[in-house]
Amino acid sequence: KAGVTQTPRYLIKTRGQQVTLSCSPISGHRSVSWYQQTPGQGLQFLFEYFSETQRNKGNFPGRFSGRQFSNSRSEMNVSTLELGDSALYLCASSSSPRGADGYTFGSGTRLTVV
Amino acid sequence: AQSVTQLDSHVSVSEGTPVLLRCNYSSSYSPSLFWYVQHPNKGLQLLLKYTSAATLVKGINGFEAEFKKSETSFHLTKPSAHMSDAAEYFCVVSDPGGTSYGKLTFGQGTILTVHP
């Protein structure tokens, strides 16, 4: 059974550009969450999707957006990149609508903004 | 609202000695609690989960944790540390409802160092 797949693994972007990150959840998992990990702030929740609907959103500016497709694959987009957006972005999926079974994480996308 | 406090940012043990990583939580509902481990430059791996069944939870690689509602604690233990246990460990809480719906809240992490 394939795990959670995130692409690309590494990205280098310039300030002001935009970026799209992709996440393919475990087959059959309909809940997908995104997290930002930085040394200073730790792991912070970005948003969660279930069956193409955003159910919850963290405290991030509107430059951060996401979506989920009918096959449960998800993308997140960051527009007008800032240096502070440099981070490891993690995607996670769960088989249960409320996440009670826990979430399986991908290996992440390391975004560097220069 | 939910929150997690990991009481130690660093723990250092010798190989073969017990491991104790401490975690206190706050939740408005009956929470689900998890421990995740992250090795350098890797994603997060689920070690174990508590979801209102048995209060003593056994996980992978010999780890276990005990849910104590009266103390709002969920400490992680292992009887004998192995060099491969060196990593960063995260205590995580998930509320089933309210504004925390679908969201995991992470502690700040505990870095475990294992000395030969």
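The sections below set out a description of the structure shown in this document. Because the structure is a prediction, the values reported are computed rather than measured. (Residues numbered from 1 in each chain as written. Chains lettered and ligands numbered in written order. Predicted model: local features only at pLDDT ≥ 70, side-chain atom pairs only at ≥ 80, totals over all residues. Heavy atoms only, no water.)

Brief notes about the sheet that holds strand E7 (residues 64–68) of chain A
All names here are of chain A.
So, step 1. Pairing in this open sheet of four strands is antiparallel, and the strands run E1-E3-E8-E7 from one edge to the other. Looking at which strands have only one partner, the edges of the open sheet turn out to be strand E1 (5–7) and E7. The mean angle between the axes of side-by-side strands here comes to 15°, regardless of whether they run parallel or antiparallel.
So, step 2. Of the strand pairs in this sheet, strand E3 (residues 19–24) and strand E8 (residues 74–78) are connected by five bridges, and their pairing is antiparallel. Within the sheet, the bridge partner assigned to leucine 21 lies in E8 and is methionine 76. (Pairing = 2+ DSSP bridges. Helix = DSSP H or I, 4+ residues; strand = E, 2+ residues; numbered from the N terminus. Axes fitted to C-alpha atoms, helices over the stretch in contact; angles between N-to-C directions.)

With respect to the nonpolar core
So, step 1. B:Trp35, B:Leu47, B:Leu48, B:Phe74, B:Leu76 and B:Tyr89 are the most contacted members of the largest nonpolar core, which totals 26 residues.
So, step 2. No other element matches the four residues that strand E10 (residues 87–94) of chain B contributes to this core.
So, step 3. In contact with B:Leu48, other than residues within four places in its own chain, are B:Leu33, B:Phe34, B:Trp35, B:Val57, B:Lys58, B:Gly59, B:Phe63, B:Glu64, B:Ala65, B:Phe74 and B:Leu76.
So, step 4. Within the second largest apolar cluster, 21 residues are counted, among which are A:Ile26, A:Phe60, A:Tyr89 and A:Leu111. (Core = buried A, V, L, I, M, F, W, Y, C linked by side-chain atoms within 4.5 Å. Buried < 20%, exposed > 50% of the residue type's maximum accessible area, 1.4 Å probe, protein only. Contact = heavy atoms within 4.5 Å.)

Some remarks on the interface of chain B and chain A
So, step 1. The partner chain A presents 24 residues to the 23 residues of chain B that form the contact.
So, step 2. Around 1800 Å² of area is buried between chain B and chain A when both sides are counted, 50% of it from carbon and sulfur atoms.
So, step 3. For the pair chain B and chain A, the number of links is zero salt bridges.
So, step 4. Applying the counting criterion to the chain B and chain A interface returns three residue pairs in polar contact (both at pLDDT 80 or more).
So, step 5. Counting residues per element, the ones that place at least two in the side of chain B that touches chain A are strand E5 (32–38), strand E6 (44–50), E10 and strand E11 (104–106) of chain B.
So, step 6. The element contributing the most residues to the side of chain B that touches chain A is E5(B), with four residues.
So, step 7. When its residues are assigned to classes, the side of chain B that touches chain A shows nine nonpolar, 11 polar and three charged. (Buried area = accessible area lost by both parts, 1.4 Å probe. Salt bridge = Lys/Arg side-chain N within 4 Å of Asp/Glu carboxyl O. Polar contact = N/O pair within 3.5 Å; in protein donor to acceptor, adjacent residues only side chain to side chain. Nonpolar A, V, L, I, M, F, W, Y, C, P; charged D, E, K, R; others polar.)

Looking at the pairing of E10(B)
Residues and elements named next belong to chain B.
So, step 1. Among the eight residues in E10, seven count as buried, and that is most of the element.
So, step 2. Across seven bridges, the pairing between E5 and E10 is antiparallel. Within the sheet, the bridge partner assigned to tyrosine 36 lies in E10 and is phenylalanine 90.
So, step 3. Sheet analysis places E10 next to strand E12 (residues 110–115), joined by three bridges and oriented antiparallel. Looking at E12, one finds that tyrosine 89 is bridged to threonine 110.

Brief notes about the state of the cysteines
So, step 1. Inspection of the entire model under this criterion finds two disulfides over all chains.
So, step 2. Across the disulfide from A:Cys23 sits A:Cys91; the S-S distance is 1.7 Å. Taking the sign of the S-S torsion, about -55° here, the bridge from A:Cys23 to A:Cys91 comes out left-handed. Within this pair, whereas A:Cys23 is found in strand E3, its partner A:Cys91 is found in strand E9 (residues 87–94), the two being separated by 68 residues in sequence.
So, step 3. Its relative accessible area of 0% is what places A:Cys23 among the buried residues.
So, step 4. Exposure remark for A:Cys91: the relative accessible area of 0% places this residue in the buried category.
So, step 5. Paired by a disulfide, B:Cys23 and B:Cys91 hold their sulfur atoms 2.0 Å apart. Taking the torsion about the S-S bond as the criterion, the B:Cys23 to B:Cys91 disulfide, at about -65°, is left-handed. One end of the pair, B:Cys23, is in strand E4 (residues 23–26); the other, B:Cys91, is in strand E10, with 68 residues separating them in the sequence. The two residues B:Cys23 and B:Cys91 agree in class, both being buried. (Disulfide = S-S within 2.5 Å.)

By themselves, these observations are geometric and do not establish any function.
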